[in-house]
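Chain by chain, the residues:
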Amino acid sequence: MMTIGERLKDARERLSYSQKYVSKVVGIHRTTIGKYENNECLPSLDIIMKLIILYKEDANYILYGKSKKTLNIENVSKNIVDKIYYILSKENYID
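Residues numbered from 1 in each chain as written. Predicted model: local features only at pLDDT ≥ 70, side-chain atom pairs only at ≥ 80, totals over all residues. Heavy atoms only, no water.

Participant: So what exactly am I meant to see when it comes to the packing of aromatic side chains here?
Facilitator: Aromatic rings in a pair are described by how distant their centres are and how their planes are angled relative to each other. For the structure on display, the rule yields 1 aromatic pair. Taking 4.9 Å as the distance between ring centres and 50° as the angle between the ring planes, the aromatic pair formed by Tyr17 and Tyr21 counts as tilted. Take Tyr21: its relative accessible area is 38%, and that puts it in the partly exposed class. (Phe/Tyr/Trp six-rings, centres within 6.5 Å; stacked < 30°, edge-to-face > 60°. Buried < 20%, exposed > 50% of the residue type's maximum accessible area, 1.4 Å probe, protein only.)

Participant: Which parts of the structure should I look at to understand the pattern of salt bridges?
Facilitator: Pairs may arise between side chains of opposite charge once their charged atoms sit close together. Counted according to the given criterion, the structure contains 5 salt bridges. Between Glu57 and Arg14 there is a salt bridge, with its nearest N and O atoms 3.1 Å apart. Of this pair, Glu57 sits in the loop between helix 4 (45-55) and helix 5 (59-64) while Arg14 sits in helix 1 (residues 4-14), and the two are 43 residues apart along the sequence. Classification of Glu57 as buried rests on a relative accessible area of 17%. Residues participating in the shared-partner salt-bridge network are Asp10, Arg14 and Glu57. (Salt bridge = Lys/Arg side-chain N within 4 Å of Asp/Glu carboxyl O. Helix = DSSP H or I, 4+ residues; strand = E, 2+ residues; numbered from the N terminus.)

Participant: I keep staring at the nonpolar core and nothing clicks. Help me out?
Facilitator: Proteins that are soluble and globular tend to have nonpolar side chains buried together. If you look at the biggest cluster of nonpolar residues, it comprises 15 residues, and the most contacted ones within it are Val22, Leu51, Tyr55 and Ile62. Going through the elements one at a time, helix 1, helix 2 (19-26), helix 3 (30-37), helix 4 and helix 5 are the ones with two or more residues in this core. Considering each element in turn, this core owes the most residues, 6 residues, to helix 4. With residues up to four places along the chain from it excluded, the contact list for Leu51 reads Leu8, Val22, Val26, Ile33 and Tyr36. (Core = buried A, V, L, I, M, F, W, Y, C linked by side-chain atoms within 4.5 Å. Contact = heavy atoms within 4.5 Å.)

This is the structure we're talking about:
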């Protein structure tokens, strides 16, 4: 199983971002990105949220190695999407 650092590195590399670029966007030193990726230290919650947003990644994947399943609803009518949201918003839905 991959570590948080390995998942962060994988997410960064899939987008072809350099550590220098990520450090500039997130506002930390480049060597700190390397430390996260090499599991020498863990990012703060604030930094990990910035990385998740920057990498357009699922938080469950970065934190736990588990991704939620998603559906592409691009070609689904608004009426159907509204019905799905209604069902999911009920208190007794299955997670």
